[in-house]
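Observations on chain architecture
This is what each chain is made of:
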Amino acid sequence: MAGLTHPNLVVLTGAGLSAESGVPTFRGVDGLWEGYQIEEVASPDAFRRTPELVHRFYNLRRAALHTVEPNPAHQALARLEQGWPGSFLHVTQNVDDLNERAGAQKLCHMHGELRKVRCLWCRNVMPWEADLDCSTACPICEKAGKMRPDIVWFGEIPYYIEEITQALETVDIFICIGTSGVVYPAAGFARQAASKGAKRLIEINLESTEISSHFTERRAGSASVEVPRLVDELLAGAEAL
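Model, not experiment: these values are computed from the prediction.

The next thing to look at is the UniProt feature "binding site: Zn(2+)" (unreviewed entry) in the chain. Following the UniProt record, the feature "binding site: Zn(2+)" (unreviewed entry) maps to Cys119, Cys122, Cys138 and Cys141 here. The named residues occupy 23 residues along the chain; their greatest pairwise C-alpha distance, 8.6 Å, places them in one compact cluster. Here Cys119 is to be found in strand β4 (residues 112-119). Assessed through its relative accessible area of 0%, Cys119 is described here as buried. Contacts of Cys119, omitting those with residues within four sequence positions, involve Asn124, Met126, Cys138, Cys141, Lys146 and Met147. Inspection of the secondary structure assignment puts Cys138 in the loop between β5 (125-127) and β6 (147-151). Setting aside residues no more than four positions away along its own chain, Cys138 makes contact with Cys119, Cys122, Met126, Lys143 and Met147.

A covalent bond between the sulfur atoms of two cysteines is referred to as a disulfide. According to the stated counting rule, one finds 0 disulfides in the structure shown. Of the cysteine sulfurs around Cys108, a residue in no disulfide, the closest is that of Cys176, at 15 Å.

Where burial is concerned, most of strand β1 (residues 9-13) is hidden: 5 out of the 5 residues are buried. Neither face of β1 is open: one carries Leu9, Val11 and Thr13, the other Val10 and Leu12, and all of them are buried. Bridge count between β1 and strand β2 (residues 88-92): 5 bridges; the pairing is parallel. Counted as the bridge partner of Val11 is His90 from β2. In terms of strand pairing, β1 meets strand β7 (residues 173-177) through 5 bridges, oriented parallel.

Rules and cut-offs
- Residues numbered from 1 in each chain as written.
- Predicted model: local features only at pLDDT ≥ 70, side-chain atom pairs only at ≥ 80, totals over all residues.
- Heavy atoms only, no water.
- UniProt positions renumbered as here; feature names shortened; annotations may be inferred.
- Helix = DSSP H or I, 4+ residues; strand = E, 2+ residues; numbered from the N terminus.
- Buried < 20%, exposed > 50% of the residue type's maximum accessible area, 1.4 Å probe, protein only.
- Contact = heavy atoms within 4.5 Å.
- Disulfide = S-S within 2.5 Å.
- Pairing = 2+ DSSP bridges.

Below, the structure is given as structure tokens:
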């Protein structure tokens, strides 16, 4: 693989990774946006129009993190990170913290994190556990009224694009787990990896997606079953090199 002793590996994860932990999926029938129009809770315009609604929505989501735990797929990916001898990067579209609780460290939250907030006055990002509302003052600049969830909303630029692009330049194995394949730029990562010479492109999902044709291997099934199985295979192969 590109002449490397230990292949470079990039993992992309989406809502399907955390669904089995009880975190609602983004686009499922009973998904995260049930009862809400997307533009009501996930855009800068929505925050300007109805900040109370946006805060209430994300307060509920943040509180719900206390009711869920990492599943075997999160744990397997942390094990892969720790045991992989080559370059490794885990890119997630998820805003929960289940990967971190499973032990992940080389992780890029491209869509932000529920347990962080951002001040629009001073631009600082900080950890946050409590509810947030329009009267909340920034602990750093002490100004009120401009605190928002540190979530990448529709129309905003995802985080870590430079780091992700750099990793895809030299990737040998690209793994995509539990993503719908319709949200860009993440939906284009498989094609980008293939164009840069990746030899193995593996998709794990319950069903085919709009980007399934870009992969050289497809494993249909639940993440909690298929991810540990794949991780065992990859680590056994790495030990054999």
